[in-house]
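Architecture and fold: a report
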Amino acid sequence: MELDFTANKEYPQIVDAECNEYYVRLLYNLRSSCESEMTAILQYLYQHDILKKSNKEIAYILEEISLVEMHHMELLGEAIVAFGGKPCYIDADGKPFNTCCVAYYTNLKDILRKNIQDEQNAVEAYRNTAKLVDNESLKNLLLTIAEDECVHIKIFKTLLEDIDVCNFF
């Protein structure tokens, strides 16, 4: 199966950035809160590990999506630095990232349903955050990342539908 794991759009470079604590705090939430890129990366890698013997294709897809999420995390870290912050693994309140945020599901349907919900939440978070910033390059970066998350939703929904079809017959 040949899949695109991104929206195939160029990620905008951050320009005209000035120190902005508010932006940094918003970016911390997207990068390393419970609903963040960090959580998605660890969750998808966990899922990859538990599925690689029973379902190599889905395990591969999860690994590839985790790589996209890693790139998102890198981009958010660069944006944090551009706006005067340190790319720490904390949320907007300064709370350190904790792996209790990872959903340790083992049932394939539950995994896919959870991933769809998490990706939908990510799209909403990126779009809502984009509305809160005035820097056009940051706004465009956030919206581009949201488009990648929409691609992930489509992939997970297709996988779930394929499982449902296979189980029907």
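As shown above, the structure is provided for reference.
Residues numbered from 1 in each chain as written. Predicted model: local features only at pLDDT ≥ 70, side-chain atom pairs only at ≥ 80, totals over all residues. Heavy atoms only, no water.

**Some thoughts on the side chain of Glu149**
Relative to the assigned elements, Glu149 resides in helix H5 (residues 136–168). The buried charged residue Glu149 lacks any salt bridge, with Arg127 as its nearest oppositely charged partner at 11 Å. Excluding its chain neighbours within four sequence positions, the residues that come into contact with Glu149 are Glu37, Glu69, His72, Glu119, Ala122, Val123 and Tyr126. (Helix = DSSP H or I, 4+ residues; strand = E, 2+ residues; numbered from the N terminus. Buried < 20%, exposed > 50% of the residue type's maximum accessible area, 1.4 Å probe, protein only. Lys, Arg positive; Asp, Glu negative; His and termini not counted. Salt bridge = Lys/Arg side-chain N within 4 Å of Asp/Glu carboxyl O. Contact = heavy atoms within 4.5 Å.)

**Some details on the state of the cysteines**
Overall, the coordinates contain 1 disulfide when judged by the stated rule. Residue pairing for Cys34: its cysteine sulfur links by disulfide to Cys101, the two sulfurs lying 1.9 Å apart. When the S-S torsion is -65 degrees, as for the bridge of Cys34 with Cys101, the disulfide is left-handed. Here the residue Cys34 occupies a position in the loop between helix H1 (21–32) and helix H2 (37–51), and Cys101 occupies one in the loop between helix H3 (56–82) and helix H4 (108–132), the gap between them amounting to 67 residues. Judged by its relative accessible area of 42%, Cys34 is partly exposed. The exposure class assigned to Cys101 is buried, which follows from its relative accessible area of 16%. For the unlinked cysteine Cys100, the closest cysteine sulfur is that of Cys101, found at 4.6 Å. Note on Cys100: relative accessible area 60%, which makes it exposed. (Disulfide = S-S within 2.5 Å.)

**A short note on the pattern of salt bridges**
On inspection of all chains with the given rule, the structure shows 5 salt bridges. Residue Glu147 pairs with Lys9 through a salt bridge whose shortest N-O separation is 3.0 Å. You can see Glu147 sitting in helix H5 and its partner Lys9 sitting in the segment before H1, a full 138 residues away along the chain. Taking the shortest distance from any N to any O, the salt bridge between Asp93 and Arg25 comes out at 3.6 Å.

**So, unusual backbone geometry**
Located in the positive-phi region is Asn8, a residue other than glycine, with phi close to 60 degrees. Mapped onto the secondary structure, Asn8 falls in the segment before H1. Overall, the relative accessible area of 56% leaves Asn8 in the exposed class. At Asp16, a residue that is not glycine, the phi angle is positive and equals roughly 55 degrees. Looking at the element boundaries, Asp16 is found in the segment before H1.

Worth remembering: the numbers are spatial, not functional.
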